[in-house]
Amino acid sequence: MTEPHDPDDGTRRPPEAGAVEHGSVLALDQSASSAAYDPAPDKERPDGRAGRFWAARRIPAGIVAAVILGASGLLLYDVAAVRAGHPAMQWRRTLADELATRRLDDVWVLTGASVAAALGLWLLLLALTPGLRDLLPMRREHTDVRAGLDRTAAAMVLRDRAVEVAGVQSVRVRMGRSKVGVRAVSHFRELDDVRADLDTVLSTGIRELGLARQPSLSVHVRRPAKKG
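What counts and what doesn't
- Residues numbered from 1 in each chain as written.
- Predicted model: local features only at pLDDT ≥ 70, side-chain atom pairs only at ≥ 80, totals over all residues.
- Heavy atoms only, no water.
- Helix = DSSP H or I, 4+ residues; strand = E, 2+ residues; numbered from the N terminus.
- Buried < 20%, exposed > 50% of the residue type's maximum accessible area, 1.4 Å probe, protein only.
- Core = buried A, V, L, I, M, F, W, Y, C linked by side-chain atoms within 4.5 Å.
- Contact = heavy atoms within 4.5 Å.
- Expected span 1.5 Å × (residues − 1).
- Arc of directions from axis to C-beta.
- Patch = residues over 30% accessible without salt bridge, like charges linked within 9 Å, V, L, I, M, F, W, Y side chains within 5 Å.
- Areas by Shrake-Rupley, 256 points an atom, 1.4 Å probe, with all protein chains shown as cover.
- Salt bridge = Lys/Arg side-chain N within 4 Å of Asp/Glu carboxyl O.
- Lys, Arg positive; Asp, Glu negative; His and termini not counted.
- Charge placed at Lys NZ, Arg CZ, Asp CG, Glu CD.
- pLDDT = per-residue confidence, 0-100.

## A short note on the overall build of the protein chain
When its secondary structure is counted, the protein chain shows five helices and six strands. For the protein chain, with 228 residues in total, the buried portion stands at 25%.

Written out as structure tokens, the structure is:
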């Protein structure tokens, strides 16, 4: 149950025992909430859509290209040598004999097929997914300009804002693509008051980051651990 509260009258009604206020756990040592704000109201949505950045995949592409080039070059050389009257290389004769004599249920055949299938699925996954999960796309104000924000940098910005809230001793921000998780430690003030201020400050901070897809916000505030 949510306690009714009018944000305009500046007052807060005392909750009943065992009640939950604004999704927060009313305990002496912690207060948590999932801030109920619209990450991107329809009237504020930009006309330009910004999709995720795609990784160049240079290392996997380079490895695959090098392997294919080496194998193709070696096979082409062996075929040309056989056409010129020279015997085939030992590796090709051995491979042809193994393929002709081994059964399909042989352990080595199944192992080789499994490895080849796993590599193929890995390459397909790399080809069909954008990657660059640490780079968050920003709103496109101009169609010919694309910008991105590093998740670590975004988390640092929100952390700097959070530590400015009165009562916050330390804070840890985990910046995801769809959710921002904030865990703060408060050494004075009521925990619900600190959490409410963090909700307001961080909600504004997330909007001002200018992300194309603004994540949701979850805030958890607790007391410092008792020493000894």
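Once the structure has been displayed, the description carries forward.
## Side note on the nonpolar core
Leu158, Met175, Val180, Val182, Leu198 and Leu202 are the most contacted members of the largest nonpolar core, which totals 24 residues. Broken down by secondary-structure element, the contributors of at least two residues to this core are α4 (151–162), β4 (168–175), β5 (179–186), α5 (191–208) and β6 (216–222). In terms of residue count, α5 provides more of this core than any other element does, five residues in total. Dropping the residues within four chain positions of it, Val182 is found in contact with Val171, Arg172, Val173, Leu202, Leu217, Ser218, Val219 and His220.

## What to know about α5
With 18 residues, α5 extends 25 Å between its outermost C-alpha atoms, agreeing within 8% with the 26 Å of an ideal straight helix rising 1.5 Å per residue. Among all positions in α5, only Leu191, Asp192, Val194, Arg195, Leu198, Asp199, Leu202, Ser203, Gly205 and Ile206 are buried. Taken down its axis, α5 places every buried residue within 165° of arc, on the same side. Seen from the buried face of α5, the exposed residues on the opposite side, beyond 90 degrees, are Thr200 and Glu208.

## Some details on a positive patch on the surface
A grouping of Arg172, Arg174, Arg183 and Arg222 is seen on the molecular surface, where their side chains present a positively charged patch. Here Arg174 is to be found in strand β4.

## Looking at a nonpolar patch on the surface
A cluster of nonpolar residues, Leu74, Leu75, Val79, Trp91, Leu95 and Leu99, forms a patch on the protein surface that exposes about 530 Å² of accessible area. Residue assignment for the nonpolar patch shows that the elements contributing at least two residues are α1 (58–83) and α2 (90–101). Given a relative accessible area of 39%, Leu74 falls into the partly exposed group.

## Some thoughts on the confidence of the model for the protein chain
Any segment with low pLDDT has predicted coordinates that should not be analysed in fine detail. A residue-level look at the protein chain finds 80% of positions with pLDDT of 70 or above and a mean pLDDT of 79. Across the protein chain, the element-wise mean pLDDT spans from 71 in strand β1 (residues 30–34) up to 94 in β5. Overall, residues 1–27 carries pLDDT values under 50, and its contacts beyond four positions in sequence, including any with other chains, amount to 34 contacts. pLDDT under 50 marks residues 41–48. Its contacts with residues more than four places away, or in other chains, come to three contacts.

## Comments concerning the environment of Val157
Mapping Val157 onto the fold places it in helix α4. Since its relative accessible area comes to 39%, Val157 is described here as partly exposed. Between the C-alpha atom of Val157 and that of Gly205, which follows or precedes it by 48 residues, the distance is 8.0 Å.

## What about the pattern of salt bridges?
Enumeration over the complete set of coordinates arrives at nine salt bridges. Close ionic contact of Arg102 with Glu98 constitutes a salt bridge, the shortest N to O distance being 2.4 Å. Assessed through its relative accessible area of 36%, Arg102 is described here as partly exposed. On the basis of relative accessibility, which here comes to 32%, the residue Glu98 falls in the partly exposed class. Here the salt bridges share partners, and the residues they tie into one network are Glu98, Arg102 and Asp106.

## Some details on the side chain of His220
Residue position: His220 is located in strand β6. Relative accessible area serves as the criterion here: at 16%, His220 is assigned to the buried category. Leave out the neighbours within four places in its chain, and His220 touches Gln30, Ser31, Ala32, Val182, Arg183 and Ala184.

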